[in-house]
Structure formats: C-alpha cells, structure tokens
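Commentary on secondary and tertiary structure
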Amino acid sequence: MSASTLKSSINRDSPDFQKNTRRIIELLTEIKNQDEQIRQGGGAKAIESQHKKGRLTARERIAKLIDPGTYFFELGTFAAFEMYEEWGGAPSAGTITGLARICGRLFMVIANDATVKAGAFFPMTAKKVIRAQNIAIESKIPTIYLVDSSGIFLPLQEDVFPDTDDFGRVFRNNAVMSAMGIPQLTAIMGMCVAGGAYLPVMCDHILMTEGSGLFLAGPALVQAAIGQKSSAEELGGAKMHAQISGTVDFREPDDDACLARIRALVDKMGAPDPPVFSHTASREPLFPAEEIYGIFLREAAKQYDMREIIARVVDASEFEEYRAEYGETLLCGYARIGGWAVGIVANQKRHVQTTAPGSDQKRMEFGGVIYTESAEKAARFILDCNQNRIPLIFLHDVNGFMVGKDAEWSGIIRAGAKMVNAVANSVVPKISVICGGSFGAGNYAMCGKAYDPRFVFAWPTARYAVMSGDAAASTLAEIKLKQLERDGKKVDEKAKKELVESVRASYDHQSDPRYAAARLWVDAIIDPAKTRDSLIWALEAAALNADVKEFKTGVLQT
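In this convention, every chain numbers its residues from 1, walking through the sequence in written order. Whole-chain, interface and lining totals are the exception, using all residues; otherwise, since this is a predicted model, local features are given only for residues with pLDDT of at least 70 and side-chain atom pairs are given and counted only at 80 or more. Only heavy atoms go into the side-chain values, all of them from the structure, while hydrogens and water stay out.

**Focus on the side chain of aspartate 166**
- Note that aspartate 166 resides in the loop between β4 (143-149) and α5 (167-179).
- When accessible area is computed with a 1.4 Å probe and restricted to protein chains, residues below 20% of their type maximum are described as buried, those above 50% as exposed, and intermediate ones as partly exposed. Judged by relative accessible area, aspartate 166 falls into the buried class, the value being 4%.
- A distance of 3.2 Å separates a polar atom in the side chain of aspartate 166 from a polar atom in the side chain of lysine 127.
- Beyond its immediate chain neighbours, meaning those up to four positions away, aspartate 166 contacts Ala126, Lys127, Ile130, Asp159, Val160 and Phe161. Only DSSP runs of H or I reaching four residues or more are called helices, and only runs of E reaching two or more are called strands; each is numbered from the N terminus. In the analysis that follows, any N or O atom pair within 3.5 Å is treated as a polar contact, provided that within protein one partner can donate a hydrogen and the other can accept it, and provided that, for residues neighboring in sequence, both atoms belong to side chains. Contacts are residue-level and defined by heavy atoms, with any inter-residue pair within 4.5 Å sufficient.

Next up, the structure:
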C-alpha cells in the first residue's frame, strides 16, 4: 500500500458495529417504505384513469425514455412531504425531476405527474421545477420536459404566481437556458394550459401527442371570455398546432412514439464541451460501502473516524491528506471519485489531543467542532482547490464552531469568516453530503444550501438546524418557563419535563432530513452505502459546464 492509501481498523463483529448497522438499516427501511408510497403518486385509481386515456404515467414515461439497463437518479422525491394535507397532499410535489442517461448522454428530466391533482402546480411544485432548472443552468445540463399539467392549483394561486421563485420563473429560466445554449426539448403529453403553455414554446424542440391540448385558455374559459364555442381539439389539439398554428415540430400518435422521437432527436445532438476537471479511469474502494452502516455513529457526542467513511467512498481508498497534523477536527485532502479529481473537506468526529497555540500546554479538541486552526486550514485548502480547478466535496457532521474565552482569544470569528469567505466565493463545483449533524454556522462553513452547492444530499441520519435538539429544547423551554414565571404561574418539575420533551419532539421533527427534503433544502435523501454513486452522478453533471470563472475572495481577515 502507498502512503496515501487509507487503512481500516474496524471490527465488523463488535456489538457496537452490529448495533449501528441495525439502527441505520431500520431507519433506511422506514424511509424507503415512505419513498415507495410517494412513488404511487395520486394512487391506483388515478393511475388507472391515466391509462384509460391511453397515456402512460410520468414514471412509466421516464422508464421508457432512459437508456435500457440504466437507472433514473431522482431528485426531490420527498418534496412537499407531509404538506398540503388539507388538499389531499401532493406526493413529490406532483412532478418528478432527476438525472438520466439518454443515448449515452446526461440529461435533466422534468415530468409532471398527472395522477396528482391533474399535474397542477402547488407552491412546492414550482420551486421543485425551478431547483431542477437551476441545477441544469449551473452545470449546463440538457433538459427534457414531459408536460402533462392543468396549470396552477388555483386555491393556492397567491403562493404559486407572483414571486421570484414561483411559476413565472420557470419560463424565465427557459429563456435564460436557451440563451446559454443549453438544449431543451419539450413533449406535450396531456394538458398544457394557461401560463404553462409558454414553457414548450420557449424550448428548442416541441413534440405533442394526439389527444393532448396546448392553449392559453381552454374551451370553457374562451366561451366565458369572448363567447366563442370550440372543441378542445379544434382550439389547441395536436393536429391544429402541427398543421395550422405551426407551433409543434413533431406530432406523435401516442406516448411510445413520442418518447422514441425524443430519443431520435437526442441521438443527433452535438457533443458537449470537453470537461476542464481531471478525470481518469474509475477504481473501486478497497472496502465495502455497506460497512458505513456500522462505522457511523448518529449520536452527536459519540466518536468515529471520518477517514473510515472516506475510505469507502473514494477511488482505491486513496486520500492525499492535507496538513494532516494541524487543525485535526477538519479533514482536508485530495482524492478521486469515479475517476474525477476532488478535494474533500470533512468533519472529523474523533476527539484530538493537541498543543495549544503559543504554549506547550496540552488540550483536548472535540470531534465535530471547528476550531481556529481547522477553519484556517480548510480556508487555505479551498483556495488551493479553486486555484487548481478541483471540485469540492463537503461531508457534514458538525456541531458548530468552538466557543469560549480561549476560542475567542485565538481569533475564531476571524478564522471562521475566512473559511466562509472561501466557500462563498468558490467557483469550482461544490457538493455537500450531510451525514450527521449540520448545525448553525458550521452548516454555513461546510457549504450549506445558502452557499450554492451544485447538489445537497442527506443521509437518513442527517440533522439540519440552528442547533441540536437537546440544546434547542433546553434553551426554548427555559425561555418559556421564564415567561410563565413573569406571568405569576408556577411550574412543577413534571410540567417542566413535559415542556422540554414537547419542545424537543417538535424541534427534532423539524431537523429531520425528510422535513428538509420536503422544502427542497436537500436534493435527495440517499442511502449511505450509495454515497459514492450519488457523488459520481453529481460530478458527471457538474463536469458538463466547462466554464470556470476567475476566482476572487475579496477581503480576507488575516
């Protein structure tokens, strides 16, 4: 083994390893069962209704569109999870988005699910489509839209229509993507009405199946507005648009023919620009990915070695660690994933005994905490990755920055600001994986959603909040108790305990990755054993954009 090859010292037969494995598999099973339920869309009756119209469901369409033997890397599956329940829910926000290979080429696919409220746009539907478009814009990913939507969900129109991340932004993005030269193809495979009719017409190719409708206003609205009577087919059918308005490029008899035509068009597209990032042949890690289940410890106070995780994600388990003996609560280093060169910034969860700067005194640094030295190391490493055009991977399990007199005297705020500055201004692709906790300013420094990562993935064990549930419960309960005391109310120990537990339960629910995924704060909840596969998808997508801007940080507090 070379000096850069990571070793492993885990004991698969230990009780702790077995217990950790069982706990993660139980959690994965729960999430996978919920995922399977979401994939049913509007349910069996709605699927049957779609089939009676001679149409495939959105997922059936995608399965026929992508290359045989490949799989669809879905994003935003949990969008709108446990939301809009007063309207019967909106599984997956009534639309399906993700990355796929079509004729060997990587595409973003966006498909309305007509089994969910006829494919109507809820507030989260618009945000999900926009998120998919933004990923496509950042990485210049060709995009295919499979349209089957009745338009805005009118009872919630005030939350769908007016803002910068609402319905109209979808069409603005169509125009921006077109100007950037990002190929867009649209297939109208059902209804496409009102404002939504602009989407297909702003794309490069427009396909339409028989029995579909494309109009700014349907027959009933036209009659009410101007008194004109016409059938849906006469007003905006495929034949009319192919022969009279000239809006449609290809009129197809059914879904199967339409999907075959899309593949034929994709097959003739020009090749993408060559990537600017280093890529070689992929090599598998030396250790099984499933061992991550037994290595990872969900409890914030427990220790594990993040190098053991990295060894099961990177090519040949090779990791060129940067400043390995300095700022040890953050691991930085170079590796390859799927052949792609990457820089990795990862929270180390092992406690480290070190020497305090400026003295010979020993001190203990706690795993998962960012100290002054680790922040400075990471900032410098991120600068190097930008200088050398190396994409960045962030592995989160962070409690936050160190606090206290020693930390303040060491310049923790200045060092943290330096790291945040480097992350914020980074021009190479950034991809975040939230493994465990991602709390407070630690989330920001580790490239949380606010810092424009190309993708944000979360393990089922992720926790995503300002602070941990225990800390928040104690703080919020204390505030509530003081309010009650000011009002002259006495609270006994039992009531105090119930209050703390109530606050903790609410806070834990809100920090669950499903809560985050429902609001698109994370793009996908992934199986820890599939982390490598997910990162390869993300890196291949990011590599499509060969334009890397000049790197500038502005003022750094040195």
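**Quick word on the nonpolar core**
- Only buried residues count toward a nonpolar core, which is a set of Ala, Val, Leu, Ile, Met, Phe, Trp, Tyr and Cys residues joined through side-chain atoms within 4.5 Å. Counting residues in each nonpolar core, the largest one holds 108 residues, and the members touching the most others are Ile310, Ile344 and Phe457.
- Ranked by residues supplied to this core, first place goes to helix α4 (residues 123-139) with 8 residues.
- Counting residues in each nonpolar core, the second largest holds 24 residues, with Ala379, Ala422, Val428 and Met446 among its members.

**So, the pattern of salt bridges**
- By definition, a salt bridge exists where a carboxyl oxygen of Asp or Glu is found within 4 Å of a side-chain nitrogen of Lys or Arg. Summed over the entire model, instances satisfying the criterion amount to 34 salt bridges.
- Residues glutamate 540 and arginine 101 are paired through a salt bridge, measuring 2.7 Å at the closest nitrogen-oxygen approach. Taken together, the residues glutamate 540 in helix α20 (residues 531-542) and arginine 101 in strand β2 (residues 95-102) connect sequence positions 439 residues apart.
- For glutamate 540, a relative accessible area of 24% translates into the label partly exposed.
- Across the salt bridge formed by aspartate 512 and arginine 514, the nearest N and O atoms sit 2.9 Å from each other.
- Using a relative accessible area of 11% as the deciding quantity, one classes aspartate 512 as buried.
- Each of Arg12, Glu291, Glu308 and Arg312 takes part in a single network of salt bridges with overlapping partners.

**Considering helix α3 (residues 58-65)**
- Turning to α3, its buried residues are Ala58, Arg59, Arg61, Ile62 and Leu65. All buried residues of α3 project into a common sector of 155° when viewed along the axis, lining one side. The arc in question is traced by the directions running from the helix axis to the C-beta atoms.

**Digging into the side chain of threonine 186**
- Relative to the helices and strands, threonine 186 is located in strand β5 (residues 184-193).
- Residues in contact with threonine 186, not counting those within four places in the same chain, are Tyr145, Val147, Leu199, Pro200, Cys203, His205, Ile206 and Leu207.

**A look at empty space enclosed by the protein**
- Definitions used throughout: a 1 Å grid over protein atoms alone; a cavity as a set of points that fits a 1.4 Å probe which cannot get out; a pocket as an open set with protein on both sides within 12 Å along at least five of seven lines; a lining residue as one with an atom within 4 Å of a point. Grid points are joined across faces, edges and corners, and a volume is the space filled by probe spheres set on the points. Here the structure, examined in full by the defined rule, presents 2 cavities of 30 Å³ or more.
- Roughly 150 Å³ of volume is contained in the largest cavity.
- Lining of the largest cavity is provided by 15 residues; of these, Asn112, Phe121, Val147, Ser149 and Leu199 occupy positions nearest its centre.
- Gly is placed with the polar residues, together with every amino acid not listed as nonpolar (Ala, Val, Leu, Ile, Met, Phe, Trp, Tyr, Cys and Pro) or charged (Asp, Glu, Lys and Arg). Residue composition of the lining of the largest cavity, grouped by class: 11 nonpolar, 4 polar and no charged.
- Taken as a whole, the second largest cavity holds about 60 Å³ of empty space.
- The leading source of residues in the lining of the second largest cavity is α4, at 4 residues.
- When the residues that make up the lining of the second largest cavity are grouped by side-chain class, the tally is 5 nonpolar, 2 polar and 3 charged.

**Some thoughts on the packing of aromatic side chains**
- Here a Phe, Tyr or Trp ring, Trp counted by its six-membered ring, pairs with any other such ring whose centre lies within 6.5 Å, and the pair is stacked when the planes are under 30 degrees apart, edge-to-face when over 60, and tilted otherwise. The final tally for this structure, using the stated rule, is 18 aromatic pairs.
- One aromatic cluster is present, built from ring pairs that chain together Tyr71, Phe73, Phe455, Phe457 and Trp537.
- Placement of a charge over a ring requires the Lys NZ or Arg CZ to be within 6 Å of the ring centre, with the centre-to-atom vector within 35 degrees of the ring normal. The lysine or arginine in question, lysine 405, covers the ring of tryptophan 409, its NZ or CZ lying 5.2 Å from the ring centre.
- Positioned above the aromatic ring of tyrosine 515 is the side chain of arginine 519, whose terminal nitrogen or guanidinium carbon lies 3.5 Å from the ring centre.

**Points about the pairing of strand β11 (residues 340-347)**
- Here β11 lies mainly inside the structure; 8 of its 8 residues are buried.
- Taking every second residue as pointing to the same face, both faces of β11 are buried, with Trp340, Val342, Ile344 and Ala346 on one and Ala341, Gly343, Val345 and Asn347 on the other.
- The rule for pairing is simple: two strands pair if DSSP sees at least two bridges between them. Examined bridge by bridge, strand β10 (residues 330-337) and β11 share 8 bridges and lie antiparallel to one another. Note that in β11 the partner of leucine 330 across the bridge is asparagine 347.
- Following β10, the chain reverses through 2 residues before pairing antiparallel with β11; glycine 338 in that reversal takes a positive phi of roughly 60°.
- Alignment of β11 against strand β15 (residues 392-398), held across 4 bridges, turns out to be parallel.

**Points about unusual backbone geometry**
- In this structure, alanine 93 takes a positive phi of about 60° despite not being glycine.
- Mapped onto the fold, alanine 93 is located in the loop between β1 (73-75) and β2.
- Positive phi is not limited to glycine here, since serine 317 has a value of about 55°.
- Overall, the relative accessible area of 0% leaves serine 317 in the buried class.

**Let's talk about the environment of phenylalanine 215**
- In this fold, phenylalanine 215 is placed in strand β7 (residues 213-215).
- By relative accessible area, which is 8% here, phenylalanine 215 ends up buried.
- Not counting chain neighbours up to four residues away, the residues in contact with phenylalanine 215 comprise Met191, Cys192, Val193, Ala194, Ala197, Ala232, Leu235 and Gly236.

**Looking at the packing of α3 against helix α10 (residues 255-267)**
- Across the interface, α3 lies against α10 with an axial gap of 9 Å and an inter-helix angle of 40°. As summarised for this structure, α3 and α10 are arranged oblique, according to the angle between their axes. Crossing of α3 over α10 shows right-handed handedness. Across the interface between the two elements, Arg61, Lys64 and Leu65 from α3 touch Asp255, Asp256, Leu259, Ile262 and Arg263 from α10.
- When its residues are assigned to classes, the contact of α3 with α10 shows 3 nonpolar, no polar and 5 charged. Axis lines are fitted through C-alpha atoms, for helices just across the contact stretch, and the angle between N-to-C directions can take any value from 0 to 180 degrees. Orientation labels follow simple angle bins: below 35 degrees gives roughly parallel, above 145 gives roughly antiparallel, 65 to 115 gives roughly perpendicular, and whatever is left gives oblique. Crossing handedness: left-handed means the near helix sits turned counterclockwise from the far one by under a right angle, and right-handed means the same turn made clockwise.

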